[in-house]
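Structural overview for review
If you want the building blocks of each chain, they are given just below.
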Amino acid sequence: RSGTPGGRARRKSMSLSRSPERPAYIDFSSDTTDFANQDLRGTQLGSMDMRGCNLSGSDLADAILTNTTMNRGRMVNCRFAGAKMEGWSCKGSDLNGSDFDRAEMARSKLSKCCLIDCSMQGTNLFRSDLSYSDLSD
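Cut-off values and rules
Residues numbered from 1 in each chain as written. Predicted model: local features only at pLDDT ≥ 70, side-chain atom pairs only at ≥ 80, totals over all residues. Heavy atoms only, no water. Helix = DSSP H or I, 4+ residues; strand = E, 2+ residues; numbered from the N terminus. Buried < 20%, exposed > 50% of the residue type's maximum accessible area, 1.4 Å probe, protein only. Contact = heavy atoms within 4.5 Å. Areas by Shrake-Rupley, 256 points an atom, 1.4 Å probe, with all protein chains shown as cover. pLDDT = per-residue confidence, 0-100. Phe/Tyr/Trp six-rings, centres within 6.5 Å; stacked < 30°, edge-to-face > 60°. Salt bridge = Lys/Arg side-chain N within 4 Å of Asp/Glu carboxyl O. Core = buried A, V, L, I, M, F, W, Y, C linked by side-chain atoms within 4.5 Å. Polar contact = N/O pair within 3.5 Å; in protein donor to acceptor, adjacent residues only side chain to side chain.

Our focus in this paragraph is the overall build of the protein. Tallying secondary structure elements over the protein gives zero helices and two strands in all. Burial status across the protein gives 42% buried among its 137 residues. In the protein, 5% of the contacts between residues at least 6 apart in sequence involve partners at least 24 apart. As displayed, the protein offers around 7100 Å² of accessible surface, 44% of which is attributable to carbon and sulfur atoms.

Of all residues in the protein, 77% attain a pLDDT of 70 or more, and the chain-wide mean is 85. Every residue in residues 1–20 scores below 50 in pLDDT, and together they form 46 contacts with partners more than four places removed in sequence or on other chains.

Let's shift gears to the packing of aromatic side chains. All told, the structure shown has three aromatic pairs when counted by the stated rule. When the centroid spacing of 5.5 Å and the interplanar angle of 50 degrees are considered together, the rings of Phe-80 and Trp-88 count as tilted. The residues Phe-80 and Trp-88 share a single accessibility class, namely buried. Here Phe-80 and Phe-100 contribute two aromatic rings whose centre-to-centre distance is 4.9 Å and whose plane-to-plane angle is 5 degrees, an arrangement assigned as stacked. Here the residue Phe-80 occupies a position in the segment after strand E2 (25–26), and Phe-100 occupies one in the segment after E2, the gap between them amounting to 20 residues. Taking the relative accessible area as the measure of exposure, Phe-80 reaches 0% and is therefore buried.

Pairing between side chains of opposite charge can happen when their charged atoms approach one another. Taken as a whole and assessed by the stated rule, the structure comprises five salt bridges. Here Arg-41 ties to Asp-59 by a salt bridge, and the two come within 3.9 Å at their closest N and O atoms. Here Arg-41 is found in the segment after E2, whereas its partner Asp-59 is found in the segment after E2, with 18 residues between them in sequence. Residue Arg-41 is classed as partly exposed on the basis of its relative accessible area, which comes to 36%. On the basis of relative accessibility, which here comes to 18%, the residue Asp-59 falls in the buried class. Residue Arg-51 is joined to Asp-49 by a salt bridge in which the shortest nitrogen-to-oxygen separation is 2.7 Å.

Ranked by internal contacts, the top residues of the largest apolar core, which has 26 residues, are Leu-55, Phe-80, Trp-88, Leu-95 and Phe-100. Apart from the residues within four sequence positions on either side, Phe-80 is in contact with Leu-60, Ala-61, Leu-65, Met-75, Met-85, Trp-88, Leu-95, Ser-98, Asp-99, Phe-100 and Ala-103.

As for its placement among the helices and strands, Ser-98 is situated in the segment after E2. On the basis of relative accessibility, which here comes to 1%, the residue Ser-98 falls in the buried class. A polar atom in the side chain of Ser-98 sits 3.1 Å from the backbone oxygen of Leu-95. Ignoring sequence-local partners within four residues, the contact set of Ser-98 consists of Met-75, Val-76, Asn-77, Cys-78, Phe-80, Asp-117, Cys-118 and Ser-119.

This is the structure we're talking about:
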C-alpha cells in the first residue's frame with residue numbers, strides 16, 4: 001500500500017457480482033469519494049482507505065469493513081446491519097440515521113461522530129471508542 005509516490009496509500013478497486021440492481025464494478029482508485037446510494041450488500045471492503053467518502057443512503061448490510069478507514073466521511077441513512085466492522089475507523093463522520101443492528105464493531109474508532117437516531121440493536125461495541133460522539137435521539 002505504501003509503494004506510491006509521497007508515501008500515500010493506494011486506493012483499491014473492487015468488482016461486484018452482477019445483478020440487475022447493482023453495478024458490475026465500482027472504482028475506488030480515482031479521486032472520487034462520492035459513492036452515495038449504492039447497493040454494496042455483502043461486499044468486501046476490508047482494509048481500505050476511504051477517508052472523506054460519501055456513502056449516504058447506501059446499503060452495506062453484511063459487508064466486510066474490517067480495518068477500513070472512513071474518517072471524516074458522510075454516511076447518513078446507511079444500512080450496516082450484520083456488517084463485519086472490527087477495527088473500523090470513522091472518526092469525525094456523520095452517520096445520522098444509520099442502521100448498525102447486529103454489526104460486529106469491536107475495537108472500532110467512532111470518536112467525534114454524529115450518531116443521532118442510529119439503530120444499534122445487538123451491536124458488538126466491545127472496546128470501541130465513542131468519545132465525544134453524539135448518540136442522542
